[in-house]
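The lines below spell out each chain.
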Amino acid sequence: NAGVTQTPKFQVLKTGQSMTLQCAQDMNHNSMYWYRQDPGMGLRLIYYSASEGTTDKGEVPNGYNVSRLNKREFSLRLESAAPSQTSVYFCASTEGDGGEKLFFGSGTQLSVL
Amino acid sequence: SQQGEEDPQALSIQEGENATMNCSYKTSINNLQWYRQNSGRGLVHLILIRSNEREKHSGRLRVTLDTSKKSSSLLITASRAADTASYFCATDRTGANNLFFGTGTRLTVIP
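What you see as residue numbers is a count from 1 along each chain, following the sequence as written. To read the labels, note that chains go from A and ligands from 1, taken in the order they are written. Where local features are concerned, this predicted model is filtered to residues with pLDDT of at least 70; where side-chain atom pairs are given and counted, the filter is 80 or more; whole-chain, interface and lining totals use all residues. For side-chain calculations, the full set of non-hydrogen atoms in the structure is used, while hydrogens and water are omitted.

Student: Requested: an account of the overall build of chain B, with residues and values cited.
Tutor: Secondary structure counts use DSSP, requiring at least four H or I residues in a row for a helix and at least two E residues in a row for a strand, with both numbered from the N terminus. The helix and strand tally for chain B stands at 0 helices and 11 strands. Moving toward the C terminus, one meets the helices and strands of chain B in the order β-β-β-β-β-β-β-β-β-β-β. Taking 2.2 N^0.38 as the reference for a compact globule, 111 residues should give roughly 13 Å; the C-alpha atoms of chain B span a radius of gyration of 13 Å, in line with that estimate. The principal-axis extent of the C-alpha atoms belonging to chain B is close to 45 × 25 × 20 Å. Whether a residue is buried, partly exposed or exposed follows from its accessible area with a 1.4 Å probe, protein chains only, as a fraction of its type maximum: under 20%, in between, or over 50%, in that order. Within chain B, buried positions represent 47% of all 111 residues. Of the contacts formed within chain B by residues at least 6 apart in sequence, a portion of 55% connects residues at least 24 apart. Under the convention used here, a 1.4 Å probe and the Shrake-Rupley method define accessible areas, while residue burial counts only the protein chains that appear. Carbon and sulfur atoms make up 44% of the accessible area of chain B, which totals about 5100 Å². When charges are counted, Lys and Arg are positive and Asp and Glu negative, with His and the chain ends excluded. For charged residues, the charge sits on one atom: NZ in Lys, CZ in Arg, CG in Asp, CD in Glu. Chain B carries 13 positive and 10 negative side-chain charges, and their two centres are separated by 5 Å. The globule rule used for comparison is 2.2 Å times the number of residues to the exponent 0.38, while the radius of gyration itself is calculated over C-alpha atoms. By definition, residues are in contact when any of their heavy atoms lie within 4.5 Å.

Quick look at the structure:
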């Protein structure tokens, strides 16, 4: 099993450009999450989806949108990228409705110039 | 902030020594988890301890939880160079359905 797969692994954007980060899991998990990781700040939750068809804001949702396309896929979109969104983005999933063991993807390193 | 706080921020030890990392948090929790992150990789789950548990073991890992002090510790015994990584605690707050991560401890094990 591949687990949690994120694409792309690296991306460079110019300020104002848009892009979508893709995430897919093959473990039949209900809940999926998007985190960003910045130096010295740990992981911060951007958005999560407790089940197919639902999404909720996390700690730092501004400037992002998400789509839970189906049970497997959860995408993160930056409509107008800003330098403050330079970060490493991680997708994660878990079997239940949250709070249990998370399985992480390998991350997307995004730079916004 | 409602994240956990790890202490120390960085730790350097010789191979074979034990490594202890601490985590403090602010709210009541359902469980507390520890994750490892190797450089440039995603996080990997190590161990989960529930609020009604005080100690848990997994191989060379020992985790304790003191809910009265809102703190946890992770002990790695007989460390190896391959244990070099960042370690994060994460709390499942009561009433929430997601995890809150601390800022991590960077462990370096010198061969």
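Student: Before we move on, could you go through the pattern of salt bridges and cite the residues and values that matter?
Tutor: Close approach of charged atoms allows side chains of opposite charge to pair. Residue and element names in this part refer to chain B. When a carboxyl oxygen of Asp or Glu is within 4 Å of a side-chain nitrogen of Lys or Arg, the pair counts as a salt bridge. Tallied over the full model, the rule gives 7 salt bridges over all chains. A salt bridge links Arg 62 to Glu 55; the nearest nitrogen and oxygen atoms lie 3.2 Å apart. The exposure class assigned to Arg 62 is partly exposed, which follows from its relative accessible area of 30%. For Glu 55, a relative accessible area of 41% translates into the label partly exposed. In this structure, Asp 83 and Arg 60 form a salt bridge, with 2.9 Å as the shortest nitrogen-oxygen distance. Of the two residues, Asp 83 sits in the loop between strand 8 (71-76) and strand 9 (85-93) while Arg 60 sits in the loop between strand 6 (55-58) and strand 7 (61-66), which places them 23 residues apart along the sequence. Take Asp 83: its relative accessible area is 7%, and that puts it in the buried class. According to the relative accessible area criterion, Arg 60 is partly exposed, its value standing at 22%.

Student: I'd like a description of the interface of chain A and chain B, backed by residues and values.
Tutor: Facing 22 residues of chain A, the contacting portion of chain B comprises 21 residues. With both sides pooled, the region where chain A packs onto chain B buries about 1600 Å², and carbon together with sulfur makes up 52% of that total. The tally of links from chain A across to chain B stands at 1 salt bridge. Ionic pairing is found between Glu 100 of chain A and Arg 50 of chain B, a salt bridge with its closest N-O pair at 3.1 Å. Here the quantity called buried area is the total loss of accessible area, with a 1.4 Å probe, experienced by two parts when brought into contact, counted for both.

Student: If you had to explain the nonpolar core to someone new, which residues and values would you point to?
Tutor: Residues grouped as a nonpolar core are buried Ala, Val, Leu, Ile, Met, Phe, Trp, Tyr and Cys residues, joined through side-chain atoms within 4.5 Å. With 21 residues, the main nonpolar core has Leu 32, Trp 34, Leu 74, Ile 76, Tyr 87 and Leu 107 of chain B as its most contacted residues. In contact with Tyr 87 of chain B, other than residues within four places in its own chain, are Glu 6, Met 21, Tyr 35, Arg 36, Leu 46, Leu 74, Ile 76, Gly 104, Thr 105 and Leu 107 of chain B. Within the second largest apolar cluster, 19 residues are counted, among which are Cys 23, Tyr 47, Tyr 64 and Leu 110 of chain A.

Student: Would you mind going over unusual backbone geometry in detail, with residue names and values included?
Tutor: A cis amide bond, omega -5°, links Thr 7 of chain A with the succeeding residue Pro 8 of chain A. Inspection of the secondary structure assignment puts Pro 8 of chain A in the loop between strand 1 (4-7) and strand 2 (10-13). In the Ramachandran plot, Asn 28 of chain A falls in the positive-phi region, its phi being about 60° despite a non-glycine side chain. The exposed category is assigned to Asn 28 of chain A, whose relative accessible area is 55%. A positive phi is found at Lys 70 of chain B, a non-glycine position, where the angle reads about 50°.

Student: I'd like a description of the side chain of Ser 93 of chain A, backed by residues and values.
Tutor: Residues and elements named next belong to chain A. Along the chain, the position of Ser 93 falls in strand 9 (residues 87-94). Classification of Ser 93 as buried rests on a relative accessible area of 0%. Pairs of N or O atoms are called polar contacts if they sit within 3.5 Å, as long as, within protein, a hydrogen donor faces a hydrogen acceptor (for residues adjacent in sequence, only side-chain-to-side-chain pairs). Among the polar contacts made by the side chain of Ser 93, one reaches the side chain of His 29 at a distance of 2.7 Å. Excluding its chain neighbours within four sequence positions, the residues that come into contact with Ser 93 are Val 4, Gln 25, Met 27, His 29, Ser 31, Met 32, Tyr 33, Lys 101, Leu 102 and Phe 103.

Student: Any details on the sheet that holds strand 3 (residues 19-24) of chain B? Residues and values, ideally.
Tutor: Residues and elements named next belong to chain B. At least two DSSP bridges between two strands are needed for those strands to be called paired. Taken in spatial order, the 5 strands make up an open sheet running 1-3-8-7-6, and their pairing is antiparallel. Each of the sheet's edge strands pairs with one partner strand only, and the pair in question is strand 1 (5-7) and strand 6. The sheet shows a mean angle of 20° between the axes of neighbouring strands, direction not considered. Whenever a helix is involved, its axis is fitted only over the stretch in contact; in every case the axis is a line through C-alpha atoms, and angles between N-to-C directions fall within 0 to 180 degrees.

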